[in-house]
Amino acid sequence: MNKSSLWLCGAAVAVVLVSFSRSSPSAAPSAPTSQGGSKLGGAMEEIGGAVKALQEALKKDDGLAAALPDVWKAQRAVIDAKSELPKAVSDMTDEKAKHKAEIAYRTQMQDLLRAFLDVETAVINGDAKKAEKALRQADNLKSAGHGQFRPRDGK
Ligand code: HEM
């Protein structure tokens, strides 16, 4: 290796190191969330849109075949929501209670992702009944999750 290729290698290593050190830990478990136009609110709206589309698709005889992209959309949105925290949790000042609430929130998000994985399994197996059952499970998780974590501000 001559001098200039050594120099080029060094520069490439430096660029890689600098870009790693600059990458922001936006998905870190304790990332703050904002209310109103929050990342979590956006992800929730995506889940809502995908669920509506899925419910419509399941009403049609040939709907299952076209439902997969909406299942994936819901799953991706849950993954986005999972790395955020509801404001009701991030605002907590009692560290012990906050930690407990974080675990409860993430556990429910994992259950929601599992429900959408069950929807996917049913859809790829052409089983509309099972897909509907898994969607109902997602809806139950929604009621429980909103009851516990969604601010009571009339939204
Ligand atoms: C099928 C499941 C679910 C659907 C369709 C759904 C849908 C929604 C919708 C449409 C909103 C309003 C978004 C906005 O105001 O812009 C919302 C907000 C919210 N949801 Fe869900 N949700 C689901 C499950 C859950 C679960 C399981 C949890 C908690 C474990 C949860 C926690 C929240 C919170 C904290 C907000 C307020 C977010 C904010 O405005 O910052 N949701 N959800």
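All figures in this text were calculated on a predicted structure; none of them were measured in a lab.

Rules used in this analysis
Residues numbered from 1 in each chain as written. Predicted model: local features only at pLDDT ≥ 70, side-chain atom pairs only at ≥ 80, totals over all residues. Helix = DSSP H or I, 4+ residues; strand = E, 2+ residues; numbered from the N terminus. Buried ≥ 20, exposed ≤ 12 C-beta atoms within 10 Å, placed from the backbone. Contact = placed C-beta atoms within 7 Å. Core = buried A, V, L, I, M, F, W, Y, C linked by C-beta atoms within 7 Å. Near = placed C-beta within 6 Å. Nonpolar A, V, L, I, M, F, W, Y, C, P; charged D, E, K, R; others polar. Expected span 1.5 Å × (residues − 1). Axes fitted to C-alpha atoms, helices over the stretch in contact; angles between N-to-C directions. Parallel < 35°, antiparallel > 145°, perpendicular 65-115°, else oblique. Left-handed = near helix turned anticlockwise from the far one by under 90°.

(A) Broad picture of the overall build of the protein chain. The number of helices and strands found in the protein chain is six helices and zero strands. Taken from the N to the C terminus, the helices and strands of the protein chain come in the order α-α-α-α-α-α. Relative to its 155 residues, the protein chain shows a buried fraction of 19%. Of the contacts formed within the protein chain by residues at least 6 apart in sequence, a portion of 66% connects residues at least 24 apart.

(B) View of the nonpolar core. Ranked by internal contacts, the top residues of the largest apolar core, which has 24 residues, are I47, L54, A74, F116 and V119. Contributions of two or more residues to this core are made by α2 (39-59), α3 (64-82), α5 (95-124) and α6 (128-149). Element by element, the count of residues in this core is highest for α2, at eight residues. Beyond its immediate sequence surroundings of up to four residues, A74 is in contact with I47, A50, V51 and F116.

(C) Quick peek at the site of the ligand. Inspection of the region around the ligand gives 24 residues, with G41, M44, P86, K142 and G145 positioned closest. At the level of elements, α2, α5 and α6 are the ones that each hand at least two residues to the shell around the ligand. Of the residues that constitute the shell around the ligand, the class distribution is eleven nonpolar, seven polar and six charged.

(D) Main features of the environment of M44. Tracing the sequence through the fold places M44 in helix α2. Classification of M44 by C-beta neighbours within 10 Å gives buried; the count is 21.

(E) Up close: α5. With 30 residues, α5 should cover 44 Å at 1.5 Å per step; its first-to-last C-alpha distance of 43 Å lies within 8% of that length. Within the sequence span of α5, burial applies to Y105, L112, A115, F116, V119, A122 and V123. Those residues of α5 that are buried lie in contact with α2, α3, α4 (87-90) and α6.

(F) View of the packing of α3 against α5. Here α3 crosses α5 at 165°, and the two axes come no closer than 9 Å. On the basis of the axis angle, α3 is roughly antiparallel to α5. Of the two possible hands of crossing, α3 and α5 adopt the one that is left-handed. Contacts between α3 and α5 involve L64, A67, L68, V71, A74, Q75, V78, A81 and K82 from the former and R106, M109, L112, L113, F116, V119, E120 and V123 from the latter.

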